[in-house]
Amino acid sequence: MSADADTPRMKRKVYEKELEKLQVELCYLQEWVKANKIRVIVLFEGRDAAGKGGTIKAITEKVSPRVFRVAALPAPSDREKTQLFLQRYMQNFPAAGEIVIFDRSWYNRAGVEYVMGFCTPAEHKRFLSLCPQMEKYIIEGGIILIKLWLEVGMDEQERRFKARIDDPLRQWKLSPMDTASYQRWYDYSEARDLMLKATSTKQSPWYIVRSDDKRRARLNCIAHLLELIPYKRIHKNKVKLPKRSAKERFDDQAGLRGMTFVAERY
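Thresholds, definitions, all that
- Residues numbered from 1 in each chain as written.
- Predicted model: local features only at pLDDT ≥ 70, side-chain atom pairs only at ≥ 80, totals over all residues.
- Heavy atoms only, no water.
- UniProt positions renumbered as here; feature names shortened; annotations may be inferred.
- Helix = DSSP H or I, 4+ residues; strand = E, 2+ residues; numbered from the N terminus.
- Buried < 20%, exposed > 50% of the residue type's maximum accessible area, 1.4 Å probe, protein only.
- 1 Å grid on protein atoms, 1.4 Å probe; cavity = no way out; pocket = protein on both sides within 12 Å on 5 of 7 lines; lining within 4 Å.
- Points joined across faces, edges and corners; volume = space filled by probe spheres on them.
- Nonpolar A, V, L, I, M, F, W, Y, C, P; charged D, E, K, R; others polar.
- Pairing = 2+ DSSP bridges.
- Axes fitted to C-alpha atoms, helices over the stretch in contact; angles between N-to-C directions.
- Contact = heavy atoms within 4.5 Å.
- Expected span 1.5 Å × (residues − 1).

As recorded by an unreviewed UniProt entry, the chain carries the name ADP/GDP-polyphosphate phosphotransferase and is attributed to Nitrobacter vulgaris. Recorded under Catalytic activity (unreviewed entry), the UniProt text for the chain is reproduced unchanged: "[phosphate](n) + ATP = [phosphate](n+1) + ADP". UniProt, in its Function (unreviewed entry) section for the chain, records the words "Uses inorganic polyphosphate (polyP) as a donor to convert GDP to GTP or ADP to ATP."

Within the chain one finds nine helices and five strands. Along the chain, helices (α) and strands (β) appear in the sequence α-β-α-β-α-β-α-α-β-α-α-α-β-α when read from the amino end. Overall, the C-alpha framework of the chain stretches about 75 × 45 × 45 Å when taken along its three principal axes. Here the chain, with 266 residues, has 39% of them falling under the buried criterion.

Another aspect to go through is the layout of surface pockets. Taken as a whole, the second largest pocket spans an internal volume of roughly 300 Å³. Leu84, Phe85, Leu86, Gln87, Arg109, Glu123, Arg126, Phe127, Leu130, Cys131 and Met134 together form the lining of the second largest pocket. Of all the elements, helix H5 (residues 121–140) adds the most residues to the lining of the second largest pocket, at six residues. Of the residues assigned to the lining of the second largest pocket, the class counts are seven nonpolar, one polar and three charged.

Per the stated rule, a full pass over the model turns up one cavity of 30 Å³ or more. By volume, the largest cavity amounts to about 40 Å³. Around the largest cavity, the lining residues are Leu26, Leu29, Val42, Ile59, Phe68, Ile99, Leu225 and Ile229. Residue composition of the lining of the largest cavity, grouped by class: eight nonpolar, no polar and no charged.

Before going further, it helps to spend a moment on the sheet that holds strand S3 (residues 98–103). Read across the open sheet, the five strands follow the order S2-S3-S1-S4-S5; overall the sheet is parallel. Two strands bound the open sheet, and with one partner strand each, they are strand S2 (68–71) and strand S5 (206–210). The mean inter-strand angle of the sheet, taken between neighbouring strand axes irrespective of direction, is 25 degrees. Across the sheet, H5 touches strand S1 (39–46) and strand S4 (143–151), and the angle it forms with S4 is around 135 degrees.

Taking 1.5 Å of rise per residue, the 25 residues of helix H1 (residues 12–36) would be expected to cover 36 Å, and the 35 Å separating its terminal C-alpha atoms lies within 8% of that figure. Those residues of H1 that fall on the buried side of the exposure criterion are Tyr15, Leu19, Leu22, Gln23, Leu26, Leu29, Gln30, Glu31, Trp32 and Val33. The inward-facing, buried residues of H1 contact helix H2 (52–60), S2, S3 and helix H9 (214–228). Of the residues trailing H1, Lys37 is marked for its positive phi of about 55 degrees.

Printed below as a string of structure tokens:
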């Protein structure tokens, strides 16, 4: 049960109004990151159905995909399984002027891989030991690293899973791995606690977001990101559209006559 279980869920109109304000600020952040060649990594972790995808969508909805880039890596290929564990993640690290959002990250090793037996106990222990050192290297290299854990309650996760079962628009979100994670709730709780204890450092802390109310969680995440990155609004001259040239004017619709158009069903 979440700490704010008695708080009523945020109304859609209130949410959309606040989201629009924050998305404007994300556009200002985007311009600052580009102008100053900043590199940012944002990690989203949490149980299945915690709301990571919806939060990432709210962040990236109004910004450029060339600045805000989402990395949602599939299961490793046979070749990738032979690489250093972090190798495929580092290939997605940001260049200057980029914010990379990891929809799950190298912390898979501390979560699903550990719980489901995809790595050995020794590999898990080694990861937890080396991860803070690796993240220290990333930060000292000039990258802003932000780690967010979305914490969904047991009852809310069950409600979301059941909603996916009957909704054709969301059934794709319910995989065998999801149902296994539902069954092994307390194993994931133990893995979460081990991960947070070992890898939440002064230099690279974990920030926990209550996500039983998806709308509040999205707004809280965005507001927190904006607080953590010291951006400033860059003022630009207002764009003025130039006058269209009438030189060599012709009927530019004539070339479309006789072509096949999509039926206007709506």
